[in-house]
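# Structural overview for review
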Amino acid sequence: AKSHHTHQEIAKAMRAIEQVFKGDDAGGCGVIAELKGMHWKPYQGGSSLPCGNKLATNCTISYHQMDCPEECPYLAPELHFPCQFSCQRAAACSTSNVDNAFSDSEYGLC
């Protein structure tokens, strides 16, 4: 089932992510936040990305800097927020983003 988000829900999510980014001008590109329950928290996981968790990046050009682990090697961009993604197994690509429902081994993307 395709999920539909209201404008208010999208705006609320963007404000939550902006709060995590606020004051972060270190300039490094990478994962900066992880969705924990219903709240975005600063990412504390280091370079090892978790499988299936929603993550946010401050990289604006590409996902090339993100490296998903072997057990879930496909990076799945979020449908409505290009700065959000998760690392998925091939079988989960269709559930994480219906617009990118297959795994692409060449690029490591859903």
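The following paragraphs examine the structure supplied in this document. Residue positions within a chain follow its written sequence, with the count starting from 1. Per-residue local features are limited, in this predicted model, to residues with pLDDT of at least 70; the limit for side-chain atom pairs, both in listing and counting, is 80 or more; totals at the level of whole chains, interfaces and linings are taken over all residues. Remark: hydrogens and water are excluded; side-chain values derive from all non-hydrogen atoms of the structure.

This paragraph deals with the overall build of the protein. Only DSSP runs of H or I covering at least 4 residues are called helices, and only runs of E covering at least 2 are called strands; the numbering of each starts at the N terminus. Summing up its helical and strand segments, the protein has 2 helices and 5 strands in all. If you list the helices and strands of the protein from N to C, you get α-β-β-β-β-β-α. Throughout this description, buried means an accessible area under 20% of the type-specific maximum (1.4 Å probe, protein chains only), exposed means over 50%, and partly exposed covers the range between. Here the protein holds 110 residues, and 32% of them are scored as buried. Whether two residues are in contact is decided by their heavy atoms, any of which lying within 4.5 Å being enough. The long-range fraction of contacts in the protein, counting pairs at least 24 apart against all pairs at least 6 apart in sequence, stands at 38%.

A few words now on the environment of Cys-93. Mapped onto the secondary structure, Cys-93 falls in helix H2 (residues 93-96). A relative accessible area of 0% places Cys-93 in the buried class. Note: C-alpha distance between Cys-93 and Ser-103 (10 residues apart in sequence) is 6.2 Å.

With antiparallel pairing, 5 strands are arranged side by side in an open sheet as E2-E1-E3-E5-E4. Looking at which strands have only one partner, the edges of the open sheet turn out to be strand E2 (39-42) and strand E4 (74-77). Strand-to-strand, the axes of this sheet are offset by a mean angle of 35°, without reference to chain direction. Note on pairing: two strands pair once DSSP finds at least 2 bridges between them. Summarising the sheet, E4 and strand E5 (residues 84-88) pair through 4 bridges and their orientation is antiparallel. What sits directly across from Tyr-74, in E5, is Gln-88. Here an axis means a line fitted to C-alpha atoms, over the contact stretch when the element is a helix, while the angle between two N-to-C directions is reported on a 0 to 180 degree scale.

Any two side chains of opposite charge can pair, on the condition that their charged atoms come close. For this document, the term salt bridge refers to a Lys or Arg side-chain nitrogen within 4 Å of an Asp or Glu carboxyl oxygen. In this structure the tally under the stated criterion is 2 salt bridges. With a shortest N-O distance of 3.9 Å, Lys-36 and Glu-34 are connected by a salt bridge. Taking the shortest distance from any N to any O, the salt bridge between Glu-78 and Lys-54 comes out at 2.8 Å. Taken together, the positions of Glu-78 in the loop between E4 and E5 and Lys-54 in the loop between E2 and strand E3 (55-57) put the pair 24 residues apart, joining distant regions of the chain. Exposure remark for Glu-78: the relative accessible area of 14% places this residue in the buried category.

This next bit is on the pairing of E4. Side chains of E4 alternate between two faces, with Tyr-74 and Ala-76 and Leu-75 and Pro-77 buried alike. In this antiparallel pair of consecutive strands, E4 and E5, the connection spans 6 residues.

For the rest of this paragraph, the subject is the environment of Glu-70. Along the chain, Glu-70 falls in the loop between E3 and E4. Judged by its relative accessible area of 78%, Glu-70 is exposed. Glu-70 sits 19 residues away from Cys-51 along the chain, and the two C-alpha atoms are 9.6 Å apart.

Another point: the pairing of E2. Pairing of strand E1 (residues 31-36) with E2 involves 4 bridges; the strand directions are antiparallel. Within E2, the residue paired with Leu-35 across the bridge is Trp-40. Hairpin connection, E1 to E2: the antiparallel pair is bridged by 2 residues, and Gly-37 has positive phi, about 65°.

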